[in-house]
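Below, each chain spelled out in residue letters.
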Amino acid sequence: MRTGRKPDGCAICFKHSKFSLLSVNPVEFYRRDVPLLDRDNVGLVLLLQPKIPSAASPAICVANTHLLYNPRRGDIKLTQLAMLLAEISSVAHQKDGSLCPIVMCGDFNSVPGSPLYSFIKVGKWNYEGLAIGKVSGQEQSSRGQRILYISIWPPNLGISQNCVYEVQQLPKVEKPDGDLTQTEPDKTEVLVTAEKLSSNLQHHFSLSSVYSHYLPDTGIPEVTTCHSRSAITVDYIFYSAEKEGVAEQPGAEVTLVGGLKLLARLSLLTEEDLWTVNGLPNENNSSDHLPLLAKFRLEL
């Protein structure tokens, strides 16, 4: 359930016969102590263990979200995305230091090729000098818009420019026998380390999009939503590449274990297709968004 008064939220459903639920991690983007984060959007992150007769089977991290719609508030969208990525990073890291396969779905309220979309796929982005309305690609004009500043979110959010939770070095305390140990922090506090301010954002996932966003034969754009204001793609399914590899993270390397091979996907429609049935919603489709559907094989 989202925060605030609107009766909606994010859901992830799974078959108990196929998976065991290892953890449930809600992500609330509203933060009372962060003025930037005054919107009631949410995300949800699950860790699932496949029930297959193999001890080597990795868990799967599945995430779902609905980012802020407002096309002119790219600063909020980016911060919400960073919060979701930080939670995914925390959940997807296994005890041996490896990273389990990831599926990240949702309405990201950003169009293909936009800076936010490209950041998800490429994993790096320098946002310095960009107007906040250009982040999602929904705004054509940047006149009168603020420029993204360094850094977008305040330090007390506890998330680094690498979209991971920051953890401070615990203070050393000398025991009576002369040995040094580390104190345990209060788990309710946000742990923050000093980080050099930079306009470079990074994440260490290797994500592909289930959809190419254009019809292969004609190059006509696919759309996921169509109503009186626009017909565009804003909904996505991103997933971990099937091949093993190493993702770079400052000061460390993260091994990607297993992966997901895309086997099939439900075809999307064009704007022209949807206007032949009076757009969305209509008498056959109760939502103003189309469903996205993908079939994967887990590579061990």
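Since this is a predicted model, take the numbers as computed values, not measurements.

Q: What is the right way to read the overall build of the chain from this model?
A: Looking only at helices and strands, the chain has three helices and 16 strands in total. With 300 residues in all, the chain has 44% of them scored as buried. Counting only contacts in the chain whose residues sit at least 6 apart along the sequence, the fraction spanning at least 24 positions is 68%. By element, 51% of the accessible surface of the chain is carried by carbon and sulfur atoms, the whole surface being about 16,200 Å².

Q: I would appreciate a short explanation of the packing of aromatic side chains in the present structure.
A: Two descriptors summarise a pair of aromatic rings, namely the distance from one centre to the other and the angle between the planes of the rings. Within this structure, the stated rule accounts for seven aromatic pairs. Every member of this aromatic cluster is reached through a ring pair, and the members are Phe108, Tyr117, Tyr236 and Phe238.

Q: Which parts of the structure should I look at to understand helix α1 (residues 74–92)?
A: Residues three or four positions apart in an α-helix share a direction because the helix packs 3.6 residues into each turn. With 19 residues, α1 extends 26 Å between its outermost C-alpha atoms, agreeing within 8% with the 27 Å of an ideal straight helix rising 1.5 Å per residue. Counting buried positions over the 19 residues of α1 gives 18, a clear majority of the element.

Q: Just to check I follow, could you spell out the pairing of strand β2 (residues 42–50) for this structure?
A: One face of the sheet, then the other: side chains in a regular strand alternate in exactly this way. In terms of residue burial, β2 counts as a mostly covered element, since eight of its nine residues are buried. As paired strands, strand β1 (residues 19–28) and β2 are joined by nine bridges and run antiparallel to one another. Directly across from Ser20, in β2, lies its bridge partner Gln49.

Q: Is there a simple way to think about the nonpolar core in this case?
A: Across soluble globular proteins, nonpolar side chains have a tendency to be buried as a group. One finds Cys61, Ile88 and Met104 to be the most contacted residues of the largest nonpolar core, which totals 47 residues. If you list the elements that add at least two residues to this core, you get β2, β3 (60–66), α1, β4 (102–107), α2 (115–122) and β12 (235–240). If one sorts the elements of this core by residue count, α1 sits on top with eleven residues. If sequence neighbours within four positions are ignored, Met104 has contacts with Ala63, Leu84, Leu85, Ile88, Ile120, Leu207, Tyr236, Ile237 and Phe238. Counting 14 residues, the second largest nonpolar core, distinct from the first, contains Val210, Tyr239, Leu280 and Leu290.

Q: How should the side chain of Thr3 be read in this particular structure?
A: Here Thr3 lies in the segment before β1. Among the polar contacts made by the side chain of Thr3, one reaches the side chain of Asp40 at a distance of 2.6 Å. Every residue in contact with Thr3, bar those within four places of it in the chain, is listed here: Glu28, Tyr30, Asp40 and Val42.

Q: Would you take a moment to explain the environment of Asp288 for this structure?
A: Take Asp288: it is sitting in the loop between α3 (271–275) and β16 (294–299). Note: C-alpha distance between Asp288 and Thr224 (64 residues apart in sequence) is 8.6 Å. Not counting residues within four places of it along the chain, the set of residues in contact with Asp288 comprises Thr224, Thr225, Cys226, His227, Leu280 and Pro281.

Q: Looking at this structure, how should I read the environment of Leu262?
A: Mapped onto the elements, Leu262 comes out in strand β15 (residues 259–265). Classification of Leu262 as partly exposed rests on a relative accessible area of 25%. Sequence spacing of Leu262 and Ala294 is 32 residues, and the spatial spacing of their C-alpha atoms is 7.3 Å. Dropping the residues within four chain positions of it, Leu262 is found in contact with Val210, Tyr239, Ala294, Lys295 and Phe296.

Q: Looking at this structure, how should I read the side chain of Ser98?
A: Positionally, Ser98 belongs in the loop between α1 and β4. A polar atom in the side chain of Ser98 sits 2.6 Å from the side chain of Asp96.

Q: Help me out: how do you make sense of the confidence of the model for the chain in this one?
A: A low pLDDT means the predicted coordinates there should not be read in detail. Mean pLDDT for the chain: 86, with 83% of residues reaching 70 or above. Confidence, read as mean pLDDT per element, is least for strand β13 (residues 245–249) in the chain (42) and greatest for β4 (98). The low-confidence segment residues 181–194 (pLDDT under 50) makes 29 contacts with residues lying over four places distant or belonging to another chain. Across residues 244–253, confidence stays below pLDDT 50; counting only partners more than four residues off in sequence or on other chains, it has 17 contacts.

Q: Looking at this structure, I do not really get α2. What am I missing?
A: Every buried residue of α2 is accounted for by Leu116, Tyr117, Phe119 and Ile120. The buried side chains of α2 occupy one side of the element, clustering within an arc of 160° when seen end-on. On its buried face, α2 is in contact with α1, β4, β5 (124–126), β8 (200–202), β9 (207–209) and β12. Looking one or two residues past α2, Gly123 carries a phi angle of roughly 90°, positive in sign.

Q: What's the story with the sheet that holds β9 in this structure? I'm lost.
A: Hydrogen bonds between backbone groups are what pair the strands of a sheet, and the pairing can be parallel or antiparallel. Strand order in the open sheet made by the six strands is β1-β2-β3-β4-β12-β9, with mixed pairing throughout. Edge positions in the open sheet fall to β1 and β9, since each of these has one partner strand only. Strand-to-strand twist in this sheet, taken as the mean axis angle between neighbours without regard to direction, amounts to 20°. As paired strands, β4 and β12 are joined by five bridges and run antiparallel to one another. For Cys105, the partnering residue across the bridge sits in β12 and is Ile237.

Criteria and cut-off values
Residues numbered from 1 in each chain as written. Predicted model: local features only at pLDDT ≥ 70, side-chain atom pairs only at ≥ 80, totals over all residues. Heavy atoms only, no water. Helix = DSSP H or I, 4+ residues; strand = E, 2+ residues; numbered from the N terminus. Buried < 20%, exposed > 50% of the residue type's maximum accessible area, 1.4 Å probe, protein only. Contact = heavy atoms within 4.5 Å. Areas by Shrake-Rupley, 256 points an atom, 1.4 Å probe, with all protein chains shown as cover. Phe/Tyr/Trp six-rings, centres within 6.5 Å; stacked < 30°, edge-to-face > 60°. Expected span 1.5 Å × (residues − 1). Pairing = 2+ DSSP bridges. Core = buried A, V, L, I, M, F, W, Y, C linked by side-chain atoms within 4.5 Å. Polar contact = N/O pair within 3.5 Å; in protein donor to acceptor, adjacent residues only side chain to side chain. pLDDT = per-residue confidence, 0-100. Arc of directions from axis to C-beta. Axes fitted to C-alpha atoms, helices over the stretch in contact; angles between N-to-C directions.

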